[in-house]
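Report on the structure
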Amino acid sequence: MKKYLLFAFVLLAFDAQAQIPNTLTPAQKVYGLSKFWQEVNYNFVYLDKVDRAQWDGAYQDLITKVQHTPNDYAYYRELQRFCALLKDGHTNIYFPKSLDTLLYTNMFGKYRIFLSNVDNKAIVTRTNLSIKNELPLGSEVMEVNGTPTADYLKQQVLPYISSSTDYVLMDIAINNLLQGLKGESYHVKFRTPDGKVKALTLTHEKTLEKEVYPAFEDRKLLDFKWYPNGTAYVALNSFSNPEINKLFLEKLPELRKAKALIIDLRYNGGGSTGIGRQILDYLTPDTLLYGSRNMTRQHLASFKAWGKFATPKDTVGNAWTTKSLLSYQDKLFYPFDYAPYRNQVNPAEKVIVPTALLIGHNTASAAEDFLIYADNQKHMTKMGENSFGSTGQPFLFDLPGGAVARVCTKKDTYPDGREFVGYGVKPDITVKSTLKDYIQKKDPVLEQALKHLKGQKLASRL
């Protein structure tokens, strides 16, 4: 029986390898690697934070290594590992469609298993309906292929993920803990909530069963509801579709009846900064709104050439030499013109009441820009966990074989220069969900916001 199972696993592994495209030549692989390295060196706005010796050393090592990768998948994985050295959430390598269609994250035929990061543990938070009793919610992944989960993450998952913040890095890693190609198998050991150990061999193949437990949330572009004591709840789940502005304006007459307001941004991954700001216009008494300051790298070839011969002491009182040295060091920045945005909404149309802004690790990009504009609003309290901690303007370009890369070209900070990329926008009141909360379907962030708003009074200046 054991020989038969071993033979079956070998066949599955062979099938998984056989279907992987192997189209790139060694020259194309080196070109793709060099193209990414070049664009990072020329355009990456956080290059000054990169260990250049490590970065260039990794590039040199990969020139030989990528030529000997056995297939396209292995090649792009090496590029992803290389990209991850930059530690930026807006700088990534994306697989071509030919590989994307072969990748599975949570489907294993009979089993469909979703994992989430709960206290840095890989926890089962959703399954297909038919196995909900076989693998209960709250089960923890203890081992993968005989390796403790924490070690497996460090060795096989974390090194390939680009992230600006450690906590989002862990979120993504645990979500993708068992990601692999169709036909790949994983020997996984779980510990159920009642302490029992359950071992499963999971092989990636499409799960035909559609029903999941718990069911997926019906998360609309904008959700609206009332809570007791005249508290209105509005979830703004994306700023990528301008339709949300229309939906918000439709709810505005009702919102003006609110005694308190909850704005939920926990599932807003961003979009357009202007879309979110137009909503904020109705929620702040201020005429001038101060968004993030922006800068990008500046390239002046002759100044870089002159800077080769400059020293720090030469820059004292000499703007020309200072610019030259900074150019040579790849540290010359162009600050974009900055001016506050003028809020022209009629004060009579605004909703200025005690407000809780719910934020979390998935509050990203343009949703973080919303938070920068809302900073220092005395009637607003940020509650939950740190935001995603990454924004900027990515430069997208093609790589050989249909892959796409992007490099972040714009640095955003608070108006006073404080950095939030790499740190996240911090809540005023930190509230974290526990495993028990999830199993009991509780939302402690929302519950705490309702308690906080109860009986709140507007700041005196309002």
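About the thresholds
Residues numbered from 1 in each chain as written. Predicted model: local features only at pLDDT ≥ 70, side-chain atom pairs only at ≥ 80, totals over all residues. Heavy atoms only, no water. Helix = DSSP H or I, 4+ residues; strand = E, 2+ residues; numbered from the N terminus. Rg over C-alpha atoms; globule rule 2.2 N^0.38 Å. Buried < 20%, exposed > 50% of the residue type's maximum accessible area, 1.4 Å probe, protein only. Contact = heavy atoms within 4.5 Å. 1 Å grid on protein atoms, 1.4 Å probe; cavity = no way out; pocket = protein on both sides within 12 Å on 5 of 7 lines; lining within 4 Å. Points joined across faces, edges and corners; volume = space filled by probe spheres on them. Nonpolar A, V, L, I, M, F, W, Y, C, P; charged D, E, K, R; others polar. Pairing = 2+ DSSP bridges. Right-handed = clockwise from strand over helix to strand, strands pointing away. Axes fitted to C-alpha atoms, helices over the stretch in contact; angles between N-to-C directions. Parallel < 35°, antiparallel > 145°, perpendicular 65-115°, else oblique. Left-handed = near helix turned anticlockwise from the far one by under 90°. Salt bridge = Lys/Arg side-chain N within 4 Å of Asp/Glu carboxyl O. pLDDT = per-residue confidence, 0-100. Phe/Tyr/Trp six-rings, centres within 6.5 Å; stacked < 30°, edge-to-face > 60°. Lys NZ or Arg CZ within 6 Å of the ring centre and 35° of its normal. Disulfide = S-S within 2.5 Å.

This part covers the overall build of the protein. Along its length, the protein carries 14 helices and 24 strands. In terms of overall dimensions, the protein is globule-like: its C-alpha atoms have a radius of gyration of 25 Å, near the 23 Å expected for 462 residues. Seen through its principal axes, the protein has C-alpha atoms that stretch 75 × 70 × 35 Å. Burial statistics for the protein: of 462 residues in total, 49% are counted as buried. The long-range share in the protein, meaning contacts at least 24 apart out of those at least 6 apart in sequence, stands at 73%.

A separate point is the layout of surface pockets. In this structure, the second largest pocket encloses a volume near 820 Å³. For the second largest pocket, the lining is made up of 33 residues, of which Arg77, Gln80, Phe95, Tyr160 and Gln179 are closest to its centre. Per-element tally for the lining of the second largest pocket: the top contributor is helix α4 (residues 72-84), with six residues. Among the residues making up the lining of the second largest pocket, the classes are represented as 18 nonpolar, 10 polar and five charged.

The element strand β14 (residues 260-264) is largely enclosed, with a buried count of five among its five residues. Here β14 shows no split at all, with Ala260, Ile262 and Asp264 on one side and Leu261 and Ile263 on the other all buried. As paired elements, strand β13 (residues 231-236) and β14 share five bridges and run parallel to each other. By the bridge assignment, Thr231 is partnered in β14 with Ala260. Handedness of the β13-helix α8 (residues 243-255)-β14 crossover: right-handed.

Next up on the list: the packing of helix α2 (residues 26-43) against helix α3 (residues 52-65). Packed helix pairs are characterised by how far apart their axes lie and by the angle those axes make with each other. The interhelical angle for the contact between α2 and α3, taken along N-to-C directions, is 165°, at an axis separation of 10 Å. Classed by the angle they form, the pair α2 and α3 counts as roughly antiparallel. Regarding α2 and α3, the two cross each other, and that crossing is left-handed. Across the interface between the two elements, Val30, Leu33, Ser34, Phe36, Trp37, Val40 and Asn41 of α2 pack against Arg52, Trp55, Asp56, Tyr59, Leu62 and Ile63 of α3. Each residue belonging to the contact of α2 with α3 can be placed in one class, and the counts come to nine nonpolar, two polar and two charged.

What follows covers the pattern of salt bridges. Inspection of the entire model under this criterion finds 18 salt bridges. The partner of Asp443 in a salt bridge is Arg266, and the shortest N-O contact between them spans 2.9 Å. Taken together, the positions of Asp443 in the loop between α13 (435-439) and α14 (444-453) and Arg266 in the loop between β14 and α9 (273-280) put the pair 177 residues apart, joining distant regions of the chain. The exposure class assigned to Asp443 is partly exposed, which follows from its relative accessible area of 24%. Judged by its relative accessible area of 11%, Arg266 falls in the buried class.

Our focus in this paragraph is the sheet that holds strand β12 (residues 222-227). Reading across the sheet, the six strands line up as β12-β13-β14-β19-β20-β24 and stay open at both edges, with mixed pairing between neighbours. Unpaired on one side and paired on the other, β12 and β24 (429-430) mark the two borders of the sheet. Relative to β24, strand β20 (residues 380-384) runs parallel, the two sharing two bridges. Across the sheet, the residue bridging to Gly384 is Thr430, located in β24.

As a further point, take the confidence of the model for the protein. Summarising the model, the protein shows a mean pLDDT of 93, and 95% of its residues fall at 70 or more. A low-confidence stretch, residues 1-14 stays under pLDDT 50, and its non-local contacts, those more than four residues away or across chains, total seven contacts.

Following the criterion strictly, the structure yields 19 aromatic pairs and no others. Judged by centre distance (6.4 Å) and plane angle (65°), the rings of Phe36 and Trp55 are edge-to-face. Of this pair, Phe36 sits in helix α2 while Trp55 sits in helix α3, and the two are 19 residues apart along the sequence. A single burial state applies to Phe36 and to Trp55, both of which are buried. Plain terms: the ring middles of Phe224 and Trp226 are 5.7 Å apart, the flat faces sit at 85° to each other, and that makes the pair edge-to-face. Here a set of aromatic residues connected by ring pairs shows up, and it is made of Tyr73, Tyr75, Tyr76 and Phe95. Residue placement shows Arg418 over the ring face of Tyr414; its charged tip is 3.9 Å from the ring centre.

This next bit is on the state of the cysteines. Tallied over the entire structure, the rule returns zero disulfides. Here Cys83 stays free of any disulfide, with the sulfur of Cys408 as its closest cysteine sulfur at 11 Å. Classification of Cys83 by relative accessible area gives buried; the value is 1%. Given a relative accessible area of 0%, Cys408 falls into the buried group.

Take the pairing of strand β19 (residues 355-359) next. Of all five residues that make up β19, five are buried, and the element is covered over most of its length. What you see with β19 is no split at all: Thr355, Leu357 and Ile359 on one side and Ala356 and Leu358 on the other are buried throughout. Relative to β20, β19 runs parallel, the two being bridged by five bridges. Within β20, the position partnered with Leu358 by the bridge is Met383. What joins β19 to β20 is helix α12 (residues 366-373), and the crossover it makes is right-handed.

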